Amino acid sequence: MNRIQNRCAALLAGLTLAGAAGQALAQAAPAADWPQRPVRVVVPYGPGSSPDILARLVNERLTARLGQAFIVENRPGAGGNSGTEYVAKATPDGQTFLLSVNAPLVYNTILYKNLRYDPFRELAPVTLAVTSPNVCAAANSMGVDSVKGWLDALRARPGQYNFASTGNGSISHLGVELLKLKTKSFAVHIPYASSSQAVTAMLQGDVHFACLPGATVMPQAKAGKLKVLAITSAERSPLLPEVPTLKESGVPDIQAAPWFAYMAPAGTPPAIVQRLNQALVAVLREPEVTEKLKAQYFDVIASTPEQLGRFMREEEARWRPVIQRAGLTPD
């Protein structure tokens, strides 16, 4: 279990999700009638991205459980900021929710001086759904098959290699920037609107490497179209036991794993937030869903809203000094 999972596990310790959600529902009868019409789940990345894959898998079961259609609405742009801002400004009527990731929910509050939304004030936590190991992989055209060979190439020809990310300030961007800092290497950053686009760019030879969620990297790697080098978590992932960590490969202090969280516009009735949390937790813990998520390299967390709120604050406190000390910027 990697460090992000340990932090999540600590937050979950000693709490009973079903009991807490059930008590809240008992005190909030109006939520029993929700939803009365289709519900939008906004994903601030494009189709085929990891959040999109997760949302579509979960929405199918939410629709069956709650009796109304849960519809994915992709709103990519600005590294996830556009879709996240859209939900932050949306009417808090229980008809619009967000499935977003680390950067738009936490890191961009540090990186951007003029972020047009405040995720801590304008969004309400619903659940920390899953985490996933980021996999560092190289295009076959780069001609490397190990972390040592990869880093040797970057150092020998600074500026001649580039890397893809899912947007400025994303964990796939920040993780590589930290790698460059720690290893005194250099590569040019090229942001894309989604992990699927970033992988396509590697396959087409437009970029040389990337550290992206396993859901988009591993199918291509298994087909022999990309070379897997390492994962960015603190420990080996049980989902990818054969893939070494960067630390095992001689690169210490790189821990950059994506996590995925459901949020609501601030002001959404708490009873509706609790009802959605209860439904999401139940769906994520269905054995069939859990197995499908594992096949897409997702580790289920399924937290309460309160635990997600605390986790986001912990992430902000952990990454702020790292980002500031490294002088990282969104550009």
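All figures in this text were calculated on a predicted structure; none of them were measured in a lab.

### Brief notes about the environment of glutamate 316
Thinking step 1. Here glutamate 316 shows up in helix α13 (residues 305-326).
Thinking step 2. Judged by relative accessible area, glutamate 316 falls into the buried class, the value being 15%.
Thinking step 3. Sequence separation of glutamate 316 and isoleucine 110 is 206 residues, and the distance between their C-alpha atoms is 8.0 Å.

### Regarding the sheet that holds strand β7 (residues 188-191)
Thinking step 1. Spatially, β7-β6-β8-β5-β9 is the arrangement adopted by the five strands of the open sheet, whose pairing is mixed. If you trace the sheet from one side to the other, it starts and ends with β7 and β9 (226-231), each paired once. Between one strand axis and the next, the sheet turns by 30° as a mean value, whatever way the strands run.
Thinking step 2. Sheet strands in contact with helix α8 (residues 171-183) are β5 (134-139), β6 (162-165), β7 and β8 (209-213), and its direction is about 145° off that of β6.
Thinking step 3. Helix-sheet contacts for helix α10 (residues 214-222) involve β5, β8 and β9, and the interaxial angle to β8 is about 120°.

### Overview of the pattern of salt bridges
Thinking step 1. Scanning the model with the defined rule gives 16 salt bridges in all.
Thinking step 2. Between aspartate 152 and lysine 148 there is a salt bridge, and its shortest N-O distance comes to 2.8 Å. One end of the pair, aspartate 152, and the other, lysine 148, are both in helix α7 (residues 147-156), four residues apart, so they sit about a helical turn from each other.
Thinking step 3. Between aspartate 152 and arginine 155 there is a salt bridge, with the nearest N and O atoms lying 3.5 Å from each other. Residue aspartate 152 and its partner arginine 155 are both found in helix α7; the two are separated by three residues, about one turn of the helix.
Thinking step 4. According to the relative accessible area criterion, aspartate 152 is partly exposed, its value standing at 34%.
Thinking step 5. Under the relative-accessibility criterion, arginine 155 is labelled partly exposed at 39%.
Thinking step 6. Several salt bridges converge on common partners, so that one network encompasses Arg40, Glu73 and Arg75.

### Structural notes on the sheet that holds strand β4 (residues 123-131)
Thinking step 1. The sheet built from six strands is open, its strands ordered β2-β1-β3-β10-β4-β11 with mixed pairing. A strand with exactly one partner marks an edge of an open sheet, and here the two such strands are β2 (70-74) and β11 (299-300).
Thinking step 2. Note that β4 and β11 share two bridges and pair antiparallel. In the strand pairing of β11, valine 130 is matched with valine 300.
Thinking step 3. With respect to the sheet, α13 is in contact with β4 and β10 (259-265), its orientation differing from that of β4 by roughly 85°.

### A few points about the packing of helix α5 (residues 102-111) against α13
Thinking step 1. One can describe the packing of α5 onto α13 by two numbers: an axis separation of 9 Å at closest approach and a directional angle of 45°. In terms of orientation, α5 and α13 fall into the oblique class. Judged by the twist between their axes, the crossing of α5 over α13 is right-handed. Counted together, Asn102, Leu105, Val106, Tyr107, Thr109, Ile110 and Leu111 of α5 and Met312, Glu315, Glu316, Trp319, Arg320, Ile323 and Gln324 of α13 form the full contact between these two elements.
Thinking step 2. Along the lines of polarity and charge, the residues of the contact of α5 with α13 split into eight nonpolar, three polar and three charged.

### Here's the deal with the nonpolar core
Thinking step 1. In terms of nonpolar packing, the biggest core is built from 49 residues, with Leu105, Tyr107, Met142, Trp150, Phe209, Trp259 and Trp319 touching the most fellow members.
Thinking step 2. Membership of the second largest hydrophobic core comes to 36 residues, among which are Val72, Ile272, Val273 and Val281.

### Digging into the environment of aspartate 253
Thinking step 1. Summarising the element assignment, aspartate 253 is placed in the loop between β9 and β10.
Thinking step 2. Distance in space between the C-alpha atoms of aspartate 253 and arginine 157 is 24 Å, their sequence separation being 96 residues.

Definitions and cut-offs
- Residues numbered from 1 in each chain as written.
- Predicted model: local features only at pLDDT ≥ 70, side-chain atom pairs only at ≥ 80, totals over all residues.
- Heavy atoms only, no water.
- Helix = DSSP H or I, 4+ residues; strand = E, 2+ residues; numbered from the N terminus.
- Buried < 20%, exposed > 50% of the residue type's maximum accessible area, 1.4 Å probe, protein only.
- Pairing = 2+ DSSP bridges.
- Axes fitted to C-alpha atoms, helices over the stretch in contact; angles between N-to-C directions.
- Contact = heavy atoms within 4.5 Å.
- Salt bridge = Lys/Arg side-chain N within 4 Å of Asp/Glu carboxyl O.
- Parallel < 35°, antiparallel > 145°, perpendicular 65-115°, else oblique.
- Left-handed = near helix turned anticlockwise from the far one by under 90°.
- Nonpolar A, V, L, I, M, F, W, Y, C, P; charged D, E, K, R; others polar.
- Core = buried A, V, L, I, M, F, W, Y, C linked by side-chain atoms within 4.5 Å.

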